[in-house]
Amino acid sequence: MTRAADRDFTGGPSTRAVHAGQVPEPLAGAVTLPIYQTSTYVQEGLGQHKGYDYARTVNPTRQALERNVASLEGGTHAFAFSSGMGAIHTVLTLLSAGDHVVCGENVYGGTHRLMDKVLSRQGLTFTFVDTRDVANVAKAITPKTRMLFVETPTNPLMRLCDLAAIGDLARSQRLLFVVDNTFATPILQRPFEFGADVVLHSTTKYLNGHSDMVGGIVVARSDDLAEQVQFIQKSVGAVPGPFDCWLALRGTKTLPLRMRQHDANGRAVAEYLSCDKRVQKVFYPGLPSHPQHDLAKRQMQGFGGMLSIELGSLERARTVVARTKLFYLAESLGGVESLIGHPSSMTHAAVPAAMREAMGLSDGLVRLSVGIEDVEDLIADLDQALA
Ligand SMILES: Cc1ncc(COP(=O)(O)O)c(C=O)c1O
């Protein structure tokens, strides 16, 4: 089980991003942690080994990534997975048949699909609510509720939930409070500070940041919960390979630097688009016109590089996503390169059309993952695409 060591919390976030979980390698002093590409480890005698027995259970490259992210989030333990969905599945596997979960209605489409189409067949029940208002969450709680699961900002409508208010509710009702922090990253938002019990990520996105691997991570801050997650990780076995862990770890070293640039570019692009008559609406928590801008300022240290725009019709959305040149039309987000996507036919196609409509996720909505390129070039690209 990977527990962050005291020394992993030395220094500020940029120092920890570079150093937490890593020491120079003992054989040659390599500054960069090796990729321990092995499935097993030699034992000196029965039960005598260096703490490493089999690589599904433990791998030094994976451990370094886990300690690094635990440190950045301010948790005590972390567990890496072969995808973000693997991480989410593991957290939901903490529950048993008959248990109920209150989940944000505007979560990633794959999360909704896992709950609604897979785990509901195994006896878990889910209620999806608008988590912008904590009263909606409170109202959905039943005697069988065990978990509150939220994303903030949400994907793709950039709605926020009040982490402190939901944290208080979870504590008073003794519910497990799980936050998918993929969009904000620990550089912009640390849900443990507001009462979360579990923080998870698709490391595929900002933590890796280079669009060259798929992975997930679960961070916990109690020994009891960590033991349960580790048991499922080892039993189910959805673990990442050491090379993918190494790529994610290389990514987290520059996470603070990249997030500053994503944030600066995201603000500039959002401001530009909000003054453009060709765009009906801009969804970005950093804009003063965002209805939850004050909450964003309270619980986030920046607003990041994700935003969505309403273009009014499917036809208009289709034209714009086909015309951008720097913004590649692609699924995913959080890489150094800018991406453009159409949630209703791509990331959120799994969400039933009626539910998409009810929550305001229209066919004219386009999502932007603003990368770290020169912002003038990004704005020029959007300008020509909107023409
Ligand atoms: C917020 C969020 N959580 C989880 C996931 C799932 O992660 P993965 O694609 O790594 O399985 C995604 C994927 O887009 C996501 O956007």
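Just so you know, these numbers come straight off a predicted model, no measurement behind them.

Conventions adopted
- Residues numbered from 1 in each chain as written.
- Predicted model: local features only at pLDDT ≥ 70, side-chain atom pairs only at ≥ 80, totals over all residues.
- Heavy atoms only, no water.
- Helix = DSSP H or I, 4+ residues; strand = E, 2+ residues; numbered from the N terminus.
- Rg over C-alpha atoms; globule rule 2.2 N^0.38 Å.
- Buried < 20%, exposed > 50% of the residue type's maximum accessible area, 1.4 Å probe, protein only.
- Areas by Shrake-Rupley, 256 points an atom, 1.4 Å probe, with all protein chains shown as cover.
- Pairing = 2+ DSSP bridges.
- Right-handed = clockwise from strand over helix to strand, strands pointing away.
- Axes fitted to C-alpha atoms, helices over the stretch in contact; angles between N-to-C directions.
- Salt bridge = Lys/Arg side-chain N within 4 Å of Asp/Glu carboxyl O.
- Near = heavy atom within 4 Å.
- Polar contact = N/O pair within 3.5 Å; in protein donor to acceptor, adjacent residues only side chain to side chain.
- Nonpolar A, V, L, I, M, F, W, Y, C, P; charged D, E, K, R; others polar.
- Contact = heavy atoms within 4.5 Å.
- Phe/Tyr/Trp six-rings, centres within 6.5 Å; stacked < 30°, edge-to-face > 60°.

Participant: Report on the overall build of the protein, specifying residues and quantitative values.
Facilitator: Secondary structure assignment for the protein yields 14 helices and 12 strands. By the compact-globule yardstick of 21 Å for 387 residues, the protein fits well, its C-alpha radius of gyration being 21 Å. Judged by the C-alpha coordinates and their principal axes, the protein covers about 70 × 50 × 35 Å. For the protein, the residues scored as buried account for 56% of the 387 residues in total. Surface exposure of the protein reaches about 15900 Å², of which carbon and sulfur atoms provide 54%.

Participant: I'd like a rundown of the pairing of strand S4 (residues 145–151), residues and numbers included.
Facilitator: Taken across its seven residues, S4 has six buried, putting it largely inside the fold. By the bridge criterion, four bridges tie strand S2 (residues 100–104) to S4 in an arrangement that is parallel. From the neighbouring strand, His100 faces S4, where its bridge partner is Thr145. As for the winding sense of the linkage, the β-α-β connection from S4 through helix H6 (residues 163–173) to strand S5 (residues 176–180) is right-handed.

Participant: Break down the sheet that holds strand S1 (residues 77–81) for me, with residues and values.
Facilitator: In sheet architecture, strand pairing relies on hydrogen bonds along the backbone and comes in two forms, parallel and antiparallel. Spatial strand order, S1-S7-S6-S5-S4-S2-S3: seven strands in an open sheet with mixed pairing. Looking at which strands have only one partner, the edges of the open sheet turn out to be S1 and strand S3 (125–129). Direction aside, the axes of adjacent strands within the sheet are offset by 20° on average. Sheet analysis places S5 next to strand S6 (residues 198–202), joined by three bridges and oriented parallel. The partner of Asp180 across the bridge, within S6, is Leu200.

Participant: Hey, could you go over the pattern of salt bridges for me, with residue numbers and the actual values?
Facilitator: The tally for this structure, following the rule as stated, stands at 17 salt bridges. Among the salt bridges present, the one from Asp116 reaches Lys117, with a minimum N-O distance of 3.2 Å. Close ionic contact of Arg298 with Asp162 constitutes a salt bridge, the shortest N to O distance being 3.9 Å. Of the two residues, Arg298 is situated in helix H11 (residues 293–299) and Asp162 in the loop between S4 and H6; the sequence distance between them amounts to 136 residues. Assessed through its relative accessible area of 58%, Arg298 is described here as exposed. Looking at Asp162, the relative accessible area reads 23%, which means it is partly exposed. When salt bridges that share partners are traced, they join Asp276, Arg278 and Asp383 into one network.

Participant: Can you explain the site of the ligand? Please cite residues and give values.
Facilitator: The local shell around the ligand holds 14 residues, among which Gly84, Met85, Asp180, Ser202 and Thr204 are the closest. One of the backbone nitrogen or oxygen atoms of Gly84 is found 2.9 Å away from an oxygen atom of the ligand. Per element, the largest residue contribution to the shell around the ligand is three residues, and it comes from helix H3 (residues 84–92). The residue makeup of the shell around the ligand, split by class, is four nonpolar, seven polar and three charged.

Participant: Quick one: what's the story with unusual backbone geometry, residue by residue and with numbers?
Facilitator: A negative phi angle is the norm for most residues apart from glycine, just as the trans form is the norm for most peptide bonds. In this structure, Pro153 follows Thr152 across a cis peptide bond, with omega equal to -5°. Relative to the helices and strands, Pro153 is located in the loop between S4 and H6. One non-glycine residue with positive phi stands out, namely Met158, at about 55°. Positionally, Met158 belongs in the loop between S4 and H6.

Participant: Could you give an account of the sheet that holds strand S9 (residues 306–310), with specific residues and numbers?
Facilitator: One open sheet holds the five strands; their spatial order is S8-S9-S12-S11-S10, and the pairing between them is mixed. A single partner strand is all that each edge strand has here, and the edge strands are strand S8 (281–283) and strand S10 (328–329). Direction of pairing for strand S11 (residues 339–341) relative to strand S12 (residues 365–369): antiparallel, over a ladder of three bridges. Bridging across to S12, Gly341 finds its partner in Arg367. This element, helix H10 (residues 255–274), spans S8, S9 and S12 of the sheet and lies at about 10° to S9.

Participant: Break down the packing of aromatic side chains for me, citing the residues and quoting the values.
Facilitator: Inspection of every chain in the model, using the stated rule, returns four aromatic pairs. Each ring, one from Tyr41 and one from Tyr52, has its centre 5.5 Å from the other, and the planes form 45°; the classification is tilted. With a gap of 11 residues between them, Tyr41 in the loop between helix H1 (13–19) and helix H2 (60–73) and Tyr52 in the loop between H1 and H2 connect regions that are remote in the sequence. Overall, Tyr52 belongs to the partly exposed group, its relative accessible area being 23%. For the pair Phe126 and Phe128, a centre-to-centre distance of 6.3 Å together with 20° between the ring planes defines the contact as stacked.

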